[in-house]
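# Architecture and fold: a report
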Amino acid sequence: MKSHFVIFLLFLIFQLSFAQHIEFHGQTLGWSLLNVRSTQNSEIGLRFFPKFSLSQNLNKHLSLQSNLTLDSRFNQSIADPVDFEQNTHLQIYRFWLRLQSQQMEFRIGRQKINFGQARFLRSLMLFDKIDPRDPLQLTPGVDAFLFRYFWLNNANLWLWSVYDEGQTLGLDRFQGQKHQWQFGARFQYPLRFAEMAITYHQKKIVYQSRNKSIERHFALDGFWDVGPGLWFEYVLSKASVPDSLLPFAHYFTLGSDYTFKLGNGLHLSVEILSLFFNQHLLTKKQRLTLIGFEMDYPVGLLDQILSLSFYSHQQQTLVHYLNWQRTYDNWLIYLSLFFSNKSLQFFGNNNIPLIDRGLRFMLVFNF
(Lines give C-alpha, C1' and ligand atoms only; values in the text may rest on other atoms or scores of the structure.)
Protein backbone atom coordinates (compact mmCIF):
# COMPACT_ATOMS: atom_id res chain seq x y z
CA MET A 1 0.00 0.00 0.00
CA LYS A 2 3.01 2.29 0.46
CA SER A 3 3.46 2.55 -3.30
CA HIS A 4 -0.13 3.73 -3.65
CA PHE A 5 0.48 6.49 -1.14
CA VAL A 6 3.64 7.56 -2.97
CA ILE A 7 1.57 7.92 -6.14
CA PHE A 8 -1.12 9.75 -4.20
CA LEU A 9 1.47 12.09 -2.67
CA LEU A 10 2.75 12.94 -6.14
CA PHE A 11 -0.82 13.76 -7.19
CA LEU A 12 -1.16 15.93 -4.10
CA ILE A 13 2.02 17.84 -4.90
CA PHE A 14 0.81 18.29 -8.48
CA GLN A 15 -2.54 19.57 -7.28
CA LEU A 16 -0.87 21.95 -4.84
CA SER A 17 0.96 23.52 -7.78
CA PHE A 18 -2.30 24.24 -9.60
CA ALA A 19 -4.82 24.47 -6.75
CA GLN A 20 -7.40 27.22 -7.10
CA HIS A 21 -8.63 27.02 -3.53
CA ILE A 22 -6.59 26.16 -0.40
CA GLU A 23 -8.05 25.87 3.09
CA PHE A 24 -6.60 25.20 6.52
CA HIS A 25 -8.95 24.38 9.36
CA GLY A 26 -9.39 21.70 11.97
CA GLN A 27 -10.39 20.79 15.48
CA THR A 28 -8.80 20.86 18.92
CA LEU A 29 -10.18 19.06 21.94
CA GLY A 30 -9.10 18.73 25.53
CA TRP A 31 -10.55 16.55 28.25
CA SER A 32 -10.36 15.69 31.91
CA LEU A 33 -11.50 12.20 32.88
CA LEU A 34 -12.32 10.77 36.31
CA ASN A 35 -12.59 6.98 36.30
CA VAL A 36 -14.39 5.75 39.41
CA ARG A 37 -13.29 2.13 38.93
CA SER A 38 -9.60 3.01 38.79
CA THR A 39 -7.92 6.31 39.57
CA GLN A 40 -4.94 4.93 37.63
CA ASN A 41 -7.05 5.33 34.47
CA SER A 42 -8.14 8.87 35.31
CA GLU A 43 -6.43 11.25 32.91
CA ILE A 44 -6.15 14.57 31.19
CA GLY A 45 -5.62 14.84 27.45
CA LEU A 46 -5.30 17.04 24.41
CA ARG A 47 -5.95 16.18 20.76
CA PHE A 48 -5.38 18.26 17.64
CA PHE A 49 -6.70 17.61 14.12
CA PRO A 50 -5.17 20.06 11.59
CA LYS A 51 -6.85 19.71 8.20
CA PHE A 52 -5.47 20.87 4.83
CA SER A 53 -7.88 20.97 1.87
CA LEU A 54 -7.09 21.72 -1.77
CA SER A 55 -9.48 22.00 -4.70
CA GLN A 56 -9.42 22.93 -8.36
CA ASN A 57 -11.87 22.81 -11.26
CA LEU A 58 -10.61 20.67 -14.14
CA ASN A 59 -13.44 21.72 -16.44
CA LYS A 60 -17.06 22.85 -16.27
CA HIS A 61 -18.29 19.55 -14.82
CA LEU A 62 -15.28 17.99 -13.10
CA SER A 63 -13.31 19.02 -10.01
CA LEU A 64 -10.41 17.63 -8.00
CA GLN A 65 -10.16 17.84 -4.21
CA SER A 66 -7.71 16.50 -1.66
CA ASN A 67 -7.63 16.28 2.10
CA LEU A 68 -4.84 15.73 4.60
CA THR A 69 -5.84 15.55 8.28
CA LEU A 70 -3.31 14.75 10.98
CA ASP A 71 -4.07 13.36 14.43
CA SER A 72 -1.82 14.59 17.23
CA ARG A 73 -2.64 13.32 20.71
CA PHE A 74 -1.32 13.66 24.25
CA ASN A 75 -2.91 11.93 27.22
CA GLN A 76 -1.49 11.69 30.71
CA SER A 77 -2.64 9.58 33.64
CA ILE A 78 -3.22 11.70 36.72
CA ALA A 79 -1.54 9.06 38.90
CA ASP A 80 1.68 8.85 36.83
CA PRO A 81 4.52 11.33 36.41
CA VAL A 82 4.37 13.40 33.24
CA ASP A 83 6.05 11.70 30.26
CA PHE A 84 5.59 13.72 27.06
CA GLU A 85 7.64 11.37 24.87
CA GLN A 86 5.75 8.23 25.91
CA ASN A 87 2.27 9.75 25.88
CA THR A 88 2.42 11.84 22.69
CA HIS A 89 1.34 10.28 19.38
CA LEU A 90 1.15 11.59 15.82
CA GLN A 91 -0.47 9.80 12.90
CA ILE A 92 -2.39 10.39 9.67
CA TYR A 93 -6.14 10.54 10.30
CA ARG A 94 -7.41 11.22 6.74
CA PHE A 95 -5.41 11.39 3.50
CA TRP A 96 -7.41 11.20 0.27
CA LEU A 97 -7.76 12.52 -3.26
CA ARG A 98 -11.21 12.89 -4.86
CA LEU A 99 -12.36 13.33 -8.45
CA GLN A 100 -15.94 14.63 -8.45
CA SER A 101 -18.72 15.66 -10.80
CA GLN A 102 -22.36 16.45 -10.11
CA GLN A 103 -23.36 12.78 -10.13
CA MET A 104 -20.07 10.91 -9.61
CA GLU A 105 -17.31 10.63 -7.02
CA PHE A 106 -14.06 8.66 -7.07
CA ARG A 107 -11.95 8.81 -3.91
CA ILE A 108 -8.63 7.16 -3.12
CA GLY A 109 -6.69 7.18 0.13
CA ARG A 110 -7.29 6.95 3.87
CA GLN A 111 -10.94 7.77 4.38
CA LYS A 112 -14.08 7.06 6.36
CA ILE A 113 -16.61 4.69 4.76
CA ASN A 114 -19.92 3.98 6.44
CA PHE A 115 -23.52 3.52 5.37
CA GLY A 116 -26.80 2.03 6.53
CA GLN A 117 -29.89 3.19 8.39
CA ALA A 118 -29.17 2.30 12.04
CA ARG A 119 -28.11 5.01 14.48
CA PHE A 120 -26.20 3.40 17.35
CA LEU A 121 -26.59 -0.42 17.12
CA ARG A 122 -25.43 -0.87 13.53
CA SER A 123 -25.39 -4.26 11.84
CA LEU A 124 -23.77 -2.64 8.77
CA MET A 125 -20.69 -1.42 10.59
CA LEU A 126 -18.09 -2.88 8.24
CA PHE A 127 -15.26 -0.35 8.17
CA ASP A 128 -15.32 1.74 11.36
CA LYS A 129 -15.27 1.63 15.15
CA ILE A 130 -17.69 4.44 15.98
CA ASP A 131 -18.80 4.28 19.60
CA PRO A 132 -22.40 5.53 19.98
CA ARG A 133 -21.36 7.41 23.13
CA ASP A 134 -18.81 9.48 21.22
CA PRO A 135 -20.39 12.86 20.34
CA LEU A 136 -17.61 13.57 17.80
CA GLN A 137 -18.00 10.19 16.02
CA LEU A 138 -14.24 9.72 15.68
CA THR A 139 -12.98 6.56 14.02
CA PRO A 140 -9.80 5.36 12.26
CA GLY A 141 -9.93 5.55 8.50
CA VAL A 142 -9.35 2.75 6.01
CA ASP A 143 -7.06 2.81 2.98
CA ALA A 144 -9.45 2.35 0.10
CA PHE A 145 -10.71 3.09 -3.39
CA LEU A 146 -14.33 4.27 -3.37
CA PHE A 147 -16.56 4.98 -6.37
CA ARG A 148 -20.07 6.41 -6.01
CA TYR A 149 -22.60 7.31 -8.67
CA PHE A 150 -25.86 9.18 -7.98
CA TRP A 151 -28.85 9.14 -10.32
CA LEU A 152 -31.21 12.11 -10.50
CA ASN A 153 -33.91 10.22 -8.58
CA ASN A 154 -31.43 9.81 -5.63
CA ALA A 155 -30.66 6.16 -6.39
CA ASN A 156 -26.95 5.52 -5.87
CA LEU A 157 -24.31 2.88 -6.48
CA TRP A 158 -21.20 2.30 -4.34
CA LEU A 159 -18.15 0.25 -5.34
CA TRP A 160 -15.11 -0.13 -3.07
CA SER A 161 -11.86 -1.92 -2.51
CA VAL A 162 -10.32 -1.71 0.97
CA TYR A 163 -6.74 -2.53 1.90
CA ASP A 164 -6.67 -4.95 4.84
CA GLU A 165 -4.28 -4.09 7.67
CA GLY A 166 -4.96 -7.37 9.46
CA GLN A 167 -7.30 -5.90 12.06
CA THR A 168 -10.91 -6.36 13.11
CA LEU A 169 -13.40 -3.56 12.46
CA GLY A 170 -16.98 -3.07 13.56
CA LEU A 171 -18.65 -6.40 14.36
CA ASP A 172 -15.95 -8.55 12.72
CA ARG A 173 -15.59 -12.04 14.22
CA PHE A 174 -12.41 -12.92 12.34
CA GLN A 175 -9.20 -11.05 11.74
CA GLY A 176 -8.54 -9.98 8.18
CA GLN A 177 -5.57 -11.20 6.15
CA LYS A 178 -2.91 -8.53 6.24
CA HIS A 179 -1.89 -6.90 2.93
CA GLN A 180 -4.95 -8.27 1.11
CA TRP A 181 -7.82 -6.41 -0.52
CA GLN A 182 -11.45 -6.48 0.50
CA PHE A 183 -14.08 -5.47 -2.04
CA GLY A 184 -17.80 -4.89 -2.22
CA ALA A 185 -20.74 -3.01 -3.67
CA ARG A 186 -23.95 -1.32 -2.55
CA PHE A 187 -27.04 -0.18 -4.44
CA GLN A 188 -29.64 2.07 -2.82
CA TYR A 189 -32.98 2.94 -4.39
CA PRO A 190 -35.68 5.39 -3.18
CA LEU A 191 -39.30 4.26 -2.98
CA ARG A 192 -42.40 6.15 -1.94
CA PHE A 193 -41.92 7.08 1.74
CA ALA A 194 -38.97 4.67 1.87
CA GLU A 195 -35.41 3.80 0.86
CA MET A 196 -34.08 0.27 0.29
CA ALA A 197 -30.53 -0.94 -0.29
CA ILE A 198 -28.62 -4.17 -0.91
CA THR A 199 -24.95 -4.64 -0.03
CA TYR A 200 -22.29 -7.26 -0.74
CA HIS A 201 -18.84 -7.40 0.83
CA GLN A 202 -16.07 -10.01 0.65
CA LYS A 203 -12.82 -10.30 2.58
CA LYS A 204 -10.04 -12.79 3.23
CA ILE A 205 -9.79 -13.84 6.87
CA VAL A 206 -7.51 -15.64 9.31
CA TYR A 207 -8.93 -18.06 11.90
CA GLN A 208 -7.29 -20.12 14.64
CA SER A 209 -4.16 -17.97 14.30
CA ARG A 210 -2.85 -19.33 11.00
CA ASN A 211 -5.65 -20.77 8.82
CA LYS A 212 -6.85 -18.62 5.92
CA SER A 213 -10.25 -18.45 4.29
CA ILE A 214 -12.93 -16.11 2.86
CA GLU A 215 -15.89 -14.41 4.52
CA ARG A 216 -18.82 -12.97 2.55
CA HIS A 217 -21.47 -10.53 3.75
CA PHE A 218 -24.92 -10.15 2.16
CA ALA A 219 -27.05 -7.29 3.50
CA LEU A 220 -30.43 -5.63 3.09
CA ASP A 221 -31.51 -2.41 4.79
CA GLY A 222 -34.40 0.04 4.55
CA PHE A 223 -35.99 3.16 6.01
CA TRP A 224 -39.62 4.36 6.10
CA ASP A 225 -40.86 7.81 7.06
CA VAL A 226 -44.47 7.25 8.09
CA GLY A 227 -44.70 9.76 10.94
CA PRO A 228 -42.31 7.91 13.18
CA GLY A 229 -39.15 6.80 11.41
CA LEU A 230 -38.79 3.04 10.95
CA TRP A 231 -35.65 1.25 9.78
CA PHE A 232 -33.88 -2.08 9.71
CA GLU A 233 -30.52 -3.60 8.78
CA TYR A 234 -29.97 -7.31 8.14
CA VAL A 235 -26.57 -8.85 7.42
CA LEU A 236 -25.89 -12.50 6.64
CA SER A 237 -22.24 -13.49 7.03
CA LYS A 238 -20.87 -16.77 5.67
CA ALA A 239 -17.30 -17.72 6.52
CA SER A 240 -15.57 -20.79 5.09
CA VAL A 241 -14.49 -22.13 8.49
CA PRO A 242 -15.10 -25.41 10.38
CA ASP A 243 -18.59 -25.98 11.83
CA SER A 244 -17.18 -25.71 15.35
CA LEU A 245 -16.48 -22.00 14.68
CA LEU A 246 -20.12 -21.37 13.63
CA PRO A 247 -19.60 -20.24 10.01
CA PHE A 248 -23.00 -18.50 9.68
CA ALA A 249 -23.77 -15.23 11.44
CA HIS A 250 -26.95 -13.14 11.27
CA TYR A 251 -26.98 -9.48 12.37
CA PHE A 252 -30.37 -7.81 12.57
CA THR A 253 -31.13 -4.24 13.70
CA LEU A 254 -34.65 -2.90 14.05
CA GLY A 255 -35.20 0.74 15.03
CA SER A 256 -37.66 3.60 15.29
CA ASP A 257 -37.69 7.25 16.36
CA TYR A 258 -40.20 10.03 16.91
CA THR A 259 -40.11 13.67 18.03
CA PHE A 260 -42.84 14.53 20.52
CA LYS A 261 -44.24 18.04 20.70
CA LEU A 262 -43.20 18.55 24.30
CA GLY A 263 -41.43 21.80 25.11
CA ASN A 264 -38.71 22.33 22.53
CA GLY A 265 -39.22 18.85 21.05
CA LEU A 266 -38.39 15.59 22.82
CA HIS A 267 -36.72 13.13 20.43
CA LEU A 268 -36.79 9.42 21.31
CA SER A 269 -35.05 6.55 19.49
CA VAL A 270 -34.99 2.82 20.18
CA GLU A 271 -32.98 0.08 18.47
CA ILE A 272 -32.69 -3.67 18.96
CA LEU A 273 -29.64 -5.56 17.71
CA SER A 274 -29.88 -9.36 17.53
CA LEU A 275 -26.90 -11.56 16.66
CA PHE A 276 -27.31 -15.24 15.77
CA PHE A 277 -24.37 -17.60 15.21
CA ASN A 278 -24.90 -21.11 13.86
CA GLN A 279 -23.41 -24.05 11.98
CA HIS A 280 -26.09 -24.06 9.28
CA LEU A 281 -28.09 -21.29 7.68
CA LEU A 282 -31.43 -21.75 9.48
CA THR A 283 -30.40 -23.25 12.82
CA LYS A 284 -29.80 -21.26 16.01
CA LYS A 285 -26.72 -22.06 18.09
CA GLN A 286 -25.87 -18.84 19.94
CA ARG A 287 -27.83 -15.64 20.32
CA LEU A 288 -27.10 -12.20 21.71
CA THR A 289 -29.61 -9.34 21.89
CA LEU A 290 -28.78 -5.75 22.75
CA ILE A 291 -31.45 -3.09 23.27
CA GLY A 292 -30.60 0.61 23.00
CA PHE A 293 -32.70 3.61 23.99
CA GLU A 294 -31.77 7.22 23.24
CA MET A 295 -33.45 10.45 24.37
CA ASP A 296 -32.30 13.95 23.45
CA TYR A 297 -33.86 17.30 24.27
CA PRO A 298 -32.78 20.85 23.29
CA VAL A 299 -32.97 22.89 26.51
CA GLY A 300 -32.56 26.14 24.59
CA LEU A 301 -30.61 27.63 21.72
CA LEU A 302 -27.26 26.65 23.25
CA ASP A 303 -27.86 23.57 25.40
CA GLN A 304 -28.83 19.99 24.64
CA ILE A 305 -29.16 16.93 26.87
CA LEU A 306 -28.75 13.37 25.59
CA SER A 307 -29.33 10.10 27.41
CA LEU A 308 -28.29 6.73 25.97
CA SER A 309 -28.84 3.32 27.57
CA PHE A 310 -28.06 -0.27 26.52
CA TYR A 311 -29.17 -3.56 27.99
CA SER A 312 -28.25 -7.17 27.19
CA HIS A 313 -30.17 -9.95 28.95
CA GLN A 314 -27.73 -12.70 27.93
CA GLN A 315 -24.69 -10.84 29.23
CA GLN A 316 -26.57 -9.20 32.13
CA THR A 317 -25.06 -5.90 31.03
CA LEU A 318 -26.58 -2.49 31.69
CA VAL A 319 -24.99 0.71 30.34
CA HIS A 320 -26.07 4.32 30.92
CA TYR A 321 -24.59 7.43 29.33
CA LEU A 322 -25.75 10.98 30.04
CA ASN A 323 -24.31 13.98 28.16
CA TRP A 324 -24.85 17.73 28.39
CA GLN A 325 -23.69 19.85 25.45
CA ARG A 326 -23.40 23.61 25.08
CA THR A 327 -22.70 25.07 21.61
CA TYR A 328 -21.18 28.42 20.69
CA ASP A 329 -19.99 29.58 17.24
CA ASN A 330 -16.72 27.66 17.34
CA TRP A 331 -16.81 26.08 20.79
CA LEU A 332 -18.46 22.92 22.10
CA ILE A 333 -18.58 22.00 25.78
CA TYR A 334 -19.43 18.45 26.91
CA LEU A 335 -20.04 17.11 30.39
CA SER A 336 -20.65 13.34 30.39
CA LEU A 337 -21.55 10.75 33.00
CA PHE A 338 -20.83 7.05 32.40
CA PHE A 339 -22.19 4.03 34.25
CA SER A 340 -22.22 0.30 33.56
CA ASN A 341 -22.45 -2.74 35.79
CA LYS A 342 -19.64 -4.47 33.89
CA SER A 343 -16.35 -3.40 32.39
CA LEU A 344 -16.77 -3.22 28.62
CA GLN A 345 -15.66 -1.43 25.49
CA PHE A 346 -17.84 -0.88 22.43
CA PHE A 347 -16.36 -2.10 19.13
CA GLY A 348 -12.74 -1.70 20.27
CA ASN A 349 -12.98 2.09 20.18
CA ASN A 350 -10.03 3.88 21.76
CA ASN A 351 -10.29 7.19 19.94
CA ILE A 352 -11.55 9.22 22.86
CA PRO A 353 -11.74 8.19 26.52
CA LEU A 354 -14.95 6.20 27.00
CA ILE A 355 -15.19 4.53 30.39
CA ASP A 356 -17.49 2.29 32.41
CA ARG A 357 -18.04 4.47 35.46
CA GLY A 358 -16.98 8.04 35.81
CA LEU A 359 -17.17 11.63 34.67
CA ARG A 360 -15.65 13.41 31.65
CA PHE A 361 -15.38 17.09 30.84
CA MET A 362 -14.44 17.88 27.23
CA LEU A 363 -13.85 21.21 25.47
CA VAL A 364 -13.80 21.35 21.65
CA PHE A 365 -12.72 24.22 19.39
CA ASN A 366 -13.41 24.17 15.63
CA PHE A 367 -11.49 26.56 13.40
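Up top is the structure.
So, here's what we can say about the structure. (Residues numbered from 1 in each chain as written. Predicted model: local features only at pLDDT ≥ 70, side-chain atom pairs only at ≥ 80, totals over all residues. Heavy atoms only, no water.)

## Structural notes on the overall build of the protein
If you tally the helices and strands in the protein, you get two helices and 19 strands. Taken across its 367 residues, the protein has 47% of its residues classed as buried. Across the protein, every contact between residues at least 6 apart in sequence was considered, and the portion connecting residues at least 24 apart equals 54%. When the accessible area of the protein is evaluated, it comes to approximately 19,100 Å², of which 61% is carbon and sulfur surface. If you average the places of the 34 positive and of the 27 negative side-chain charges in the protein, the two averages end up 6 Å apart. (Helix = DSSP H or I, 4+ residues; strand = E, 2+ residues; numbered from the N terminus. Buried < 20%, exposed > 50% of the residue type's maximum accessible area, 1.4 Å probe, protein only. Contact = heavy atoms within 4.5 Å. Areas by Shrake-Rupley, 256 points an atom, 1.4 Å probe, with all protein chains shown as cover. Lys, Arg positive; Asp, Glu negative; His and termini not counted. Charge placed at Lys NZ, Arg CZ, Asp CG, Glu CD.)

## Notes on the environment of Ala-194
Along the chain, Ala-194 falls in strand S10 (residues 194-207). Given the relative accessible area of 8%, Ala-194 is considered buried. Put simply, Ala-194 and Phe-223 are 29 residues apart on the chain and 5.3 Å apart in space, counted from C-alpha to C-alpha. Leave out the neighbours within four places in its chain, and Ala-194 touches Phe-223 and Trp-224.

## Things to note about the environment of His-21
Looking at the secondary structure, you find His-21 in strand S1 (residues 21-35). Taking the C-alpha atoms as reference points, His-21 and Gln-56, 35 residues apart in sequence, are found 6.4 Å from one another. Look past the residues within four positions of His-21 in its chain and what remains in contact with it is Ser-53, Leu-54 and Ser-55. Here the side chain of His-21 touches Glu-23 through a polar contact of 2.9 Å, side chain to side chain. (Polar contact = N/O pair within 3.5 Å; in protein donor to acceptor, adjacent residues only side chain to side chain.)

## Here we look at the side chain of Ser-336
The topology assignment puts Ser-336 in strand S18 (residues 331-340). A distance of 2.5 Å separates polar atoms of two side chains, one belonging to Ser-336 and the other to Asn-323.

## Quick notes on the packing of aromatic side chains
Applying the stated rule across the entire model yields 23 aromatic pairs. For the ring pair Phe-24 and Phe-367, a centre distance of 5.7 Å and an interplane angle of 50° mean the geometry is tilted. With Phe-24 in strand S1 and Phe-367 in the segment after strand S19 (358-366), this pair connects stretches of sequence that are 343 residues apart. Summarising the aromatic geometry, the rings of Tyr-149 and Trp-151 are spaced 4.9 Å apart at their centres and angled 80° between planes, so their arrangement reads as edge-to-face. Taken together, Phe-24, Phe-48, Phe-52, Trp-331, Phe-365 and Phe-367 form an aromatic cluster joined through their ring pairs. Lying across the ring of Phe-248, Lys-238 places its NZ or CZ 5.4 Å from the centre. (Phe/Tyr/Trp six-rings, centres within 6.5 Å; stacked < 30°, edge-to-face > 60°. Lys NZ or Arg CZ within 6 Å of the ring centre and 35° of its normal.)

## Quick notes on the side chain of Asn-156
Assignment of secondary structure puts Asn-156 in strand S7 (residues 156-163). Side-chain polar atoms of Asn-156 contact the backbone oxygen of Asn-154, separated by 3.2 Å. At 2.9 Å, the side chain of Asn-156 and the side chain of Trp-158 are in polar contact. Those residues in contact with Asn-156, other than ones at most four positions away along the chain, are Tyr-149, Phe-150, Trp-151, Arg-186, Phe-187 and Gln-188.

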